[in-house]
Amino acid sequence: MSTSTIDPSLRHQRREQALMTLLAAPAVLVIAALVVIPVGWLAAQSIYDNGFTLEHYRRIFTEEVYWRSFALTFRIALMVTLLTLLLGYPVAYAAAHAKRPWNVLILACVMLPFWTSVLVRAYAWLVLLQRTGVANQLLERFGLITEPLAMVHNELGTVIATVHILLPFMVLPLYSTMQKIPRELMLAGASLGGGPLYSFRRIFLPLSLPGVVAGLTLVFVLTLGFYITPELLGGGRTIMISMVVSRNVELYNQWGAASAVGVVLLICVLAIFAAVGRIIPLDKMLGQK
Amino acid sequence: MKTTLLPRLAFGLLVGLILIYLMLPVLIIVPMSFSSTRFLTFPPPALSLRWYQEYFGNPNWMQGTRMSLMLGVLTVLIATPLGTAAAYAISNAQNRLMRSLHMVLMLPLIVPIIIVAIGIFFVYAKLGLIQTLTGLVLANVMLGLPYVITSVVAGLQSFDKTQEMVARSLGMNRLRAFLTVTLPQIKASVFAGAVFAFISAIDETIIALFVSGGQYQTLTKRMFTALRDEIDPTIASISTLLTAASFLLVLLAMSGQKKEA
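Presented here is an overview of the structure given in this document. (Residues numbered from 1 in each chain as written. Chains lettered and ligands numbered in written order. Predicted model: local features only at pLDDT ≥ 70, side-chain atom pairs only at ≥ 80, totals over all residues.)

What to know about the overall build of chain B
So, step 1. Assigned secondary structure in chain B consists of 12 helices and zero strands.
So, step 2. Expressed as a percentage of the 261 residues in chain B, the buried residues total 47%.
So, step 3. Long-range contacts, defined as pairs at least 24 residues apart, comprise 76% of the intrachain contacts of chain B with a sequence gap of at least 6. (Helix = DSSP H or I, 4+ residues; strand = E, 2+ residues; numbered from the N terminus. Buried ≥ 20, exposed ≤ 12 C-beta atoms within 10 Å, placed from the backbone. Contact = placed C-beta atoms within 7 Å.)

Following this line, the structure appears as structure tokens:
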């Protein structure tokens, strides 16, 4: 760009770089002090207990309480992820294809719960799903059941509420991907004789896959770390990993065990992000919220 | 595309049902909060403002609310300038160092919050920051930073940087050029980031469960504890107010962003 000698421009570049680093420094310090150091401390604590030990990790893999909780968490995460995809795909498709004002209405229905507190939504599901709740009343009125169903204080309640809370994390990446798929492609497919289902399967579905992957990853990873919802709707029986972590701290004062469980959970999450990050840039995935 | 009416109608019905599922909690909370009885029957037998009186008349709920609002404001006041400065640095210096710093700044969105919470609990215990306002504000600044940064980076992407260069070549120093030329054009993004950081601070529960307490208990911590014990209908009135507040704030943030675009 400049015709001057290389030396001043290089110095300018260095100064520029130093200034930018300085500007980012306070934010980076906050994150370092409140994420990196605390988590690093936990990691150290998980392998140090009056000397180096892998005892806490050994217990995760051998003691039933621990690996059962991991198995349960992964099972719930898998269920929630598949359900959000099943429910989220049609909604995103409708939002991407409907005309005004319908598309605005659909997006509003997705965004309003998205910005409602997780606590509020957990409370609402508690009310809706309890024995004398609205869901049971309705089912009984329509003669579908004779006895109230146990829909809350168990795994089912946890799944229903978790799917609800995470559905927007599926719809939003799907919607932003679908919106970019040119309509002409589907028209071209139709003009070449493909039926609507055929065009959907061969053109639209493959092109929407990046959104599907982003949504699946976000929902799966977020479910792995869910705490409030299973704590309030699980009825003390649906013990997910994050609850094992908090119980070890709050009830048993077992810092080593809590740290080790936390580290294993973190490794799972980071591994998933790293694997998917090879296909889709991470900042694109995280920009959804 | 020619599709027959029936499949389209069925599809519309399906989407409608899913949208009702999405809106159900909000639709149920509002009438519940105006119910006259303690029992959670729907529809409520009679309307009353009983649960709102319960909320506004209870010093514990009021203390929690004041605490959460103060926490939200302090968080925004710190997270917005820090996040904006970092976003400016990220979008101006596209070198490898800055890209990895950007990743580091997104960590609060990646690491499960329960892990961060007990880590912070442990570190705060050593530093004597448990049950302090400082400790809570710092933790919420950390959680709010990614929202401010994401929003401002997006705003700076659509801003023409040569304008700031022109201002500087005309003799303004960098800070003045930023404040008078750049900032006015990205202010909606900064504002949106601030709103999201505010909502995140008001909503935050898990870290507050561990590190807040005594006179510094947040509203969400009180709600969580109340919910774990029994279903108190006062929570419905608080929930209605919270939902209305965050809805208004988001509308405000989005209308600002739209004007900018």
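A look at the overall build of chain A
So, step 1. A tally of regular secondary structure across chain A gives 13 helices and zero strands.
So, step 2. Ordered by position from N to C terminus, the α and β elements of chain A give α-α-α-α-α-α-α-α-α-α-α-α-α.
So, step 3. Taken over C-alpha atoms, the radius of gyration comes to 24 Å for chain A, far larger than the 19 Å a tight globule of 289 residues would show.
So, step 4. Along the first, second and third principal axes, the C-alpha set of chain A runs to 85 × 70 × 30 Å.
So, step 5. Every one of the 289 residues in chain A was classed for burial, and the buried ones make up 41%.
So, step 6. Expressed as a percentage of contacts within chain A between residues at least 6 apart in sequence, the contacts between residues at least 24 apart total 74%. (Rg over C-alpha atoms; globule rule 2.2 N^0.38 Å.)

Quick look at the interface of chain B and chain A
So, step 1. Counting from both sides, the interface comprises 72 residues of chain B and, opposite them, 66 residues of chain A.
So, step 2. With 14 residues, the top contributor of residues to the side of chain B that touches chain A is helix 1 (residues 5-33) of chain B.
So, step 3. For the side of chain B that touches chain A, the per-class residue count stands at 58 nonpolar, 12 polar and two charged. (Nonpolar A, V, L, I, M, F, W, Y, C, P; charged D, E, K, R; others polar.)

Considering the packing of helix 8 (residues 162-169) of chain B against helix 9 (residues 174-203) of chain B
All names here are of chain B.
So, step 1. Helix 9 packs onto helix 8 with a crossing angle of 130° between their chain directions and a minimal axis gap of 9 Å. Classified by the interaxial angle, the pair formed by helix 8 and helix 9 is oblique. Considering the relative orientation of helix 8 and helix 9, their crossing is right-handed. For the pair helix 8 and helix 9, contact is made by Gln163, Glu164, Ala167 and Arg168 and by Arg174, Ala177, Phe178, Val181 and Thr182, respectively. (Axes fitted to C-alpha atoms, helices over the stretch in contact; angles between N-to-C directions. Parallel < 35°, antiparallel > 145°, perpendicular 65-115°, else oblique. Left-handed = near helix turned anticlockwise from the far one by under 90°.)

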